[in-house]
Amino acid sequence: MTSVVILISGRGSNMASLLDAAASGALPVRIAGVLSNWPDAQGLQTAAAHGVPTQVLDHRLFAEREAFDAALAETIDRLAPDLLVLAGFMRILGDRFVRRYEGRLINIHPSLLPAFPGLHTHRRALAEGVRIHGCTVHFVTPDLDHGPVIVQAAVPVLDQDDEASLAARVLVQEHRIYLLAVRWFAEGRLRLRDGRVLLDAPQDDSGRLIVPQTPPG
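This report concerns the structure included in the present document. (Residues numbered from 1 in each chain as written. Predicted model: local features only at pLDDT ≥ 70, side-chain atom pairs only at ≥ 80, totals over all residues. Heavy atoms only, no water.)

**Here we look at the nonpolar core**
Link 1 in the chain: Judged by nonpolar contacts, the single largest core of 41 residues is most densely connected at Ile6, Ile31, Val85, Ile106, Val137 and Ile150.
Link 2 in the chain: The element that contributes the greatest number of residues to this core is helix H6 (residues 163–186), accounting for 9 residues.
Link 3 in the chain: With near-sequence residues (within four places) excluded, Val85 lies in contact with Val4, Val5, Ile6, Leu7, Leu18, Ile106, Tyr178 and Val182.
Link 4 in the chain: Counting 19 residues, the second-largest nonpolar core is a separate cluster that includes Leu35, Leu57, Phe68 and Leu86. (Core = buried A, V, L, I, M, F, W, Y, C linked by side-chain atoms within 4.5 Å. Buried < 20%, exposed > 50% of the residue type's maximum accessible area, 1.4 Å probe, protein only. Helix = DSSP H or I, 4+ residues; strand = E, 2+ residues; numbered from the N terminus. Contact = heavy atoms within 4.5 Å.)

**What about the packing of helix H1 (residues 13–24) against H6?**
For any two helices packed against each other, the geometry is given by the interaxial angle and the distance between the axes.
Link 1 in the chain: Interhelical geometry of H1 versus H6 gives an angle of 50 degrees and a closest axis separation of 9 Å. Viewed along their axes, H1 and H6 adopt a mutual orientation that is oblique. As for the relative orientation of H1 and H6, their crossing is right-handed in sense. Between H1, through Ser13, Asn14, Ser17, Leu18 and Ala21, and H6, the contact on the second element is made entirely by Leu171, Glu174, His175, Tyr178, Leu179 and Val182.
Link 2 in the chain: Within the contact of H1 with H6, the residues separate by chemical class into 6 nonpolar, 4 polar and 1 charged. (Axes fitted to C-alpha atoms, helices over the stretch in contact; angles between N-to-C directions. Parallel < 35°, antiparallel > 145°, perpendicular 65-115°, else oblique. Left-handed = near helix turned anticlockwise from the far one by under 90°. Nonpolar A, V, L, I, M, F, W, Y, C, P; charged D, E, K, R; others polar.)

**Some remarks on the packing of aromatic side chains**
Link 1 in the chain: Tallying each qualifying case throughout the model produces 2 aromatic pairs.
Link 2 in the chain: Ring centres 5.6 Å apart and planes at 75 degrees place the aromatic pair Phe62 and Phe68 in the edge-to-face group.
Link 3 in the chain: Summarising the aromatic geometry, the rings of Phe97 and Tyr101 are spaced 4.9 Å apart at their centres and angled 55 degrees between planes, so their arrangement reads as tilted.
Link 4 in the chain: A relative accessible area of 1% places Tyr101 in the buried class. (Phe/Tyr/Trp six-rings, centres within 6.5 Å; stacked < 30°, edge-to-face > 60°.)

**Thoughts on the pairing of strand S5 (residues 105–109)**
Successive residues of a regular strand alternate their side chains across the two faces of the sheet.
Link 1 in the chain: Counted residue by residue, S5 has 5 buried out of 5 residues, so it is predominantly covered.
Link 2 in the chain: A two-sided burial pattern is seen for S5, the buried positions comprising Leu105, Asn107 and His109 on one face and Ile106 and Ile108 on the other.
Link 3 in the chain: Where strand S4 (residues 83–86) meets S5, 3 bridges bridge the pair, whose relative direction is parallel. Bridge pairing in S5 places Leu84 opposite Leu105. (Pairing = 2+ DSSP bridges.)

**A closer look at the pairing of strand S8 (residues 190–193)**
Link 1 in the chain: Strand direction decides the pairing type here: S8 and strand S9 (residues 196–199), joined by 4 bridges, are antiparallel. By the bridge assignment for S9, Leu192 is matched with Val197.
Link 2 in the chain: Counting the residues that bridge the hairpin from S8 to S9 gives 2 residues, and of these Asp194 lies at a positive phi of roughly 50 degrees.

**Thoughts on the side chain of Asp161**
Link 1 in the chain: Along the polypeptide, Asp161 turns up in the loop between strand S7 (149–156) and H6.
Link 2 in the chain: For Asp161, a relative accessible area of 13% corresponds to the buried category.
Link 3 in the chain: Among the polar contacts made by the side chain of Asp161, one reaches the main-chain amide nitrogen of Leu158 at a distance of 2.8 Å.
Link 4 in the chain: A distance of 2.7 Å separates polar atoms of two side chains, one belonging to Asp161 and the other to Ser165.
Link 5 in the chain: Discounting residues that sit within four places of it in the chain, Asp161 has contacts with Leu126, Pro156, Leu166 and Arg169. (Polar contact = N/O pair within 3.5 Å; in protein donor to acceptor, adjacent residues only side chain to side chain.)

**Quick look at the pattern of salt bridges**
Link 1 in the chain: In total, this model carries 9 salt bridges according to the counting rule given.
Link 2 in the chain: Residue Arg123 is joined to Glu163 by a salt bridge in which the shortest nitrogen-to-oxygen separation is 3.3 Å. Placement of Arg123 in helix H5 (residues 121–128) and of Glu163 in helix H6 is noted, with a sequence separation of 40 residues between them.
Link 3 in the chain: A relative accessible area of 43% places Arg123 in the partly exposed class.
Link 4 in the chain: The shortest N-O distance in the salt bridge between Glu187 and Arg189 comes to 2.3 Å.
Link 5 in the chain: For Glu187, a relative accessible area of 38% translates into the label partly exposed.
Link 6 in the chain: A network of salt bridges, in which partner residues are shared, links Arg183, Glu187 and Arg189. (Salt bridge = Lys/Arg side-chain N within 4 Å of Asp/Glu carboxyl O.)

**Here's the deal with helix H2 (residues 42–49)**
Link 1 in the chain: Turning to H2, its buried residues number three or more, namely Gly43, Leu44 and Ala47. Within H2, the buried residues cover an arc of 105 degrees as seen down the axis, which keeps them to one side. Set apart from the buried face of H2 by more than 90 degrees, the exposed residues are Gln42, Gln45 and Ala49.
Link 2 in the chain: Along its buried surface, H2 packs onto strand S1 (2–8), H1, strand S2 (29–36) and strand S3 (54–56). (Arc of directions from axis to C-beta.)

Here it is, written out as structure tokens:
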């Protein structure tokens, strides 16, 4: 069974979704551990409640980014995961770390990349007046928020939306597509080759852009 390690920095909503799916058998993976760079991350309690081992590596205790990355990699390697999943992990990882796990390190970003990389994506989407927003699962590369796209989901931006309402609607889709991407990887259908995403999927789920539903009313 595919072994997964999840990295978080906060409440870990996407992590919780994956843990629930793994516990129910809907996701054919074993969550080997949850790691956080913040000792008070709420998601650590959620993981512990699922019986998943947790560990904290406080980045503030490391004088240099490279030292933190090295300690994180050493901790990860002891767990020997097949796949690393970033779920709200709010640290920029260095090139050496990223290349170490190339092809088995994925992230979810709350925008339709390449639009709105970085922070405050929903606020920026509203300020720009876009009509379609969403989220992206991608392989992580040294170029921040620009790795090869695995799957995306789109939602309509409604006239009455504020940052909170748009974020909530996108989060529903985040849970949906992260589960899908991890399942594809676990089933041996997803891989990265020469910087390109290769996906072996049956016709009914081969589309990697999940289009928005018609808004109510």
